[in-house]
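Chain by chain, the residues run as shown.
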Amino acid sequence: MKITQISDHIWSLKIWIVIPIHVWIVVNEEGVTLVDAGIPFMAKGILTFIEKLDAGPLTTILLTHGHGDHTGAIQRILEDTQVPVFAHPIEIPYIEGELPYPRRKKAAITVAKQLTHALPENEHGVLQSIGGLTPYHTPGHSPGHVVYYHQEDQVLLVGDLFTAKKGKLRKPMAIFTADMAEAIRSSSIVRQLKPLRLEVCHGSSVLRPADQLDNYLKS
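To keep things clear, this report deals only with the structure shown in the data block.

### Concerning a negative patch on the surface
For step 1, the next point in the chain: The grouping of Glu51, Asp54, Glu79 and Asp80 at the surface amounts to a negative patch.
For step 2, the next point in the chain: On the basis of relative accessible area, Asp54 is assigned to the exposed category, the value being 67%.

### Brief notes about helix α1 (residues 43–53)
For step 1, the next point in the chain: Residues Ala43, Ile46, Leu47, Phe49 and Ile50 constitute the buried set of α1. Along the axis of α1, the buried positions cluster into a sector of 160 degrees, meaning they face one direction only. Along α1, exposed side chains directed more than 90 degrees from the buried face belong to Lys44, Glu51 and Lys52.
For step 2, the next point in the chain: Considering only its buried residues, α1 is in contact with β1 (2–5), β2 (10–17), β3 (19–28), β4 (31–35), β5 (58–62) and α3 (74–80).
For step 3, the next point in the chain: Count one or two residues on from α1 and you reach Asp54, which has phi positive near 55 degrees.

### As for the packing of aromatic side chains
For step 1, the next point in the chain: Applying the stated criterion to the full structure yields 3 aromatic pairs.
For step 2, the next point in the chain: Ring centres of Tyr94 and Tyr101 lie 5.1 Å apart, and the angle between their planes is 20 degrees; on these two criteria the pair is classed as stacked.
For step 3, the next point in the chain: On the accessibility criterion, Tyr94 (13% relative accessible area) is buried.
For step 4, the next point in the chain: Ring centres of Phe162 and Tyr216 lie 5.0 Å apart, and the angle between their planes is 70 degrees; on these two criteria the pair is classed as edge-to-face. Of the two residues, Phe162 is situated in the loop between β10 (155–157) and β11 (163–165) and Tyr216 in helix α7 (residues 213–218); the sequence distance between them amounts to 54 residues.
For step 5, the next point in the chain: Of the residues examined, Tyr216 reaches a relative accessible area of 3% and is grouped as buried.
For step 6, the next point in the chain: A cation sits over an aromatic face here: Lys171 above Tyr216, 5.2 Å from the ring centre.

### Side note on the pattern of salt bridges
For step 1, the next point in the chain: Per the counting criterion, the structure on display carries 2 salt bridges.
For step 2, the next point in the chain: In this structure, Arg191 engages Asp214 in a salt bridge whose closest nitrogen and oxygen atoms are separated by 3.2 Å. Pair noted here: Arg191 is in helix α6 (residues 188–193) and Asp214 is in helix α7, with a separation of 23 residues, a long-range link.
For step 3, the next point in the chain: When its relative accessible area of 35% is taken as the criterion, Arg191 is described as partly exposed.
For step 4, the next point in the chain: For Asp214, a relative accessible area of 44% translates into the label partly exposed.

### Overview of the sheet that holds β10
For step 1, the next point in the chain: Pairing in this open sheet of 5 strands is mixed, and the strands run β8-β9-β10-β13-β14 from one edge to the other. Strand pairing shows two members of the sheet lacking a second neighbour, β8 (134–137) and β14 (206–207), which therefore form its edges.
For step 2, the next point in the chain: Examined bridge by bridge, β10 and strand β13 (residues 197–199) share 3 bridges and lie parallel to one another. Note on β13: the bridge partner recorded for Leu157 is Glu199.

### Re the sheet that holds β2
For step 1, the next point in the chain: The sheet built from 7 strands is open, its strands ordered β1-β2-β3-β4-β5-β6-β7 with mixed pairing. Every other strand in the sheet has two partners, leaving β1 and β7 (116–118) as the edge strands with one partner each. Neighbouring strand axes in the sheet, compared pairwise and without regard to direction, differ in orientation by 30 degrees on average.
For step 2, the next point in the chain: Here β5 runs beside strand β6 (residues 85–87); their pairing, made up of 2 bridges, is parallel. Bridged to Leu62 within β6 is Phe86.
For step 3, the next point in the chain: Packing against the sheet, α1 makes contact with β1, β2, β3, β4 and β5, and its axis sits at approximately 30 degrees to β3.

### Overview of the nonpolar core
For step 1, the next point in the chain: Ranked by size, the top nonpolar core spans 48 residues in total, and within it Ile25, Leu34, Ile46, Ile61 and Ile77 carry the most contacts.
For step 2, the next point in the chain: Ignoring sequence-local partners within four residues, the contact set of Ile77 consists of Leu34, Ala43, Ile46, Leu47, Leu58 and Ile61.
For step 3, the next point in the chain: Core analysis: the second largest hydrophobic core is formed by 16 residues, Tyr149, Leu156, Val200 and Val206 among them.

Cut-offs used in this document
- Residues numbered from 1 in each chain as written.
- Predicted model: local features only at pLDDT ≥ 70, side-chain atom pairs only at ≥ 80, totals over all residues.
- Heavy atoms only, no water.
- Patch = residues over 30% accessible without salt bridge, like charges linked within 9 Å, V, L, I, M, F, W, Y side chains within 5 Å.
- Areas by Shrake-Rupley, 256 points an atom, 1.4 Å probe, with all protein chains shown as cover.
- Salt bridge = Lys/Arg side-chain N within 4 Å of Asp/Glu carboxyl O.
- Lys, Arg positive; Asp, Glu negative; His and termini not counted.
- Charge placed at Lys NZ, Arg CZ, Asp CG, Glu CD.
- Buried < 20%, exposed > 50% of the residue type's maximum accessible area, 1.4 Å probe, protein only.
- Helix = DSSP H or I, 4+ residues; strand = E, 2+ residues; numbered from the N terminus.
- Arc of directions from axis to C-beta.
- Contact = heavy atoms within 4.5 Å.
- Phe/Tyr/Trp six-rings, centres within 6.5 Å; stacked < 30°, edge-to-face > 60°.
- Lys NZ or Arg CZ within 6 Å of the ring centre and 35° of its normal.
- Pairing = 2+ DSSP bridges.
- Axes fitted to C-alpha atoms, helices over the stretch in contact; angles between N-to-C directions.
- Core = buried A, V, L, I, M, F, W, Y, C linked by side-chain atoms within 4.5 Å.

So, in structure tokens, the structure goes:
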């Protein structure tokens with residue numbers, strides 16, 4: 001597992017299984033937040049790194065969405081430490097296998113039922129900050145896909161909203177994307193937030209991604 005500190009408060013943990021798979025460790029005043037949980041055999045490396053980091057206990061797992069390559073290590077992690085798992089409320093029925101993801105024939109449980117909590121919202125339905133990160137609903141790759149923005153570090157963790165190659169924004173993998181047109185519309189979050197750095201699950205880091213958005217939308 002390759003570990004890279006990408007900003008003051010955020011580390012990327014990466015493995016290669018044909019393609020790269022990233023998860024992120026975010027340090028805050030309460031301890032450590034894990035964003036996405038990769039595939040099952042990443043669990044040991046995640047837990048070992050959190051222990052070595054010595055920045056406090058794991059307190060929260062946040063999911064960008066519920067596909068298996070983002071949830072795989074959760075069961076093993078929860079055997080070691082009981083922490084809440086959060087996802088967008090729209091995503092939870094798909095995560096718990098009550099509904100099949102769009103374009104898939106069968107439903108599948110990727111996190112055991114009643115383990116995933118809905119991300120907190122205010123009285124107007126606006127997602128609230130959690131673990132030092134602000135979530136934004138960015139549907140398309142999946143119905144309840146979200147991205148997480150670290151305001152202080154100006155880093156946007158986007159899961160599968162994009163892929164990236166050699167620092168260039170690319171579309172999410174079509175075979176696994178529920179609604180590509182909607183995913184492309186959701187990319188406007190980059191223009192809204194203008195992060196200094198964008199991190200994808202599958203691919204490379206992208207610096208000043210808002211500068212690339214016009215070309216991305218034309219591609």
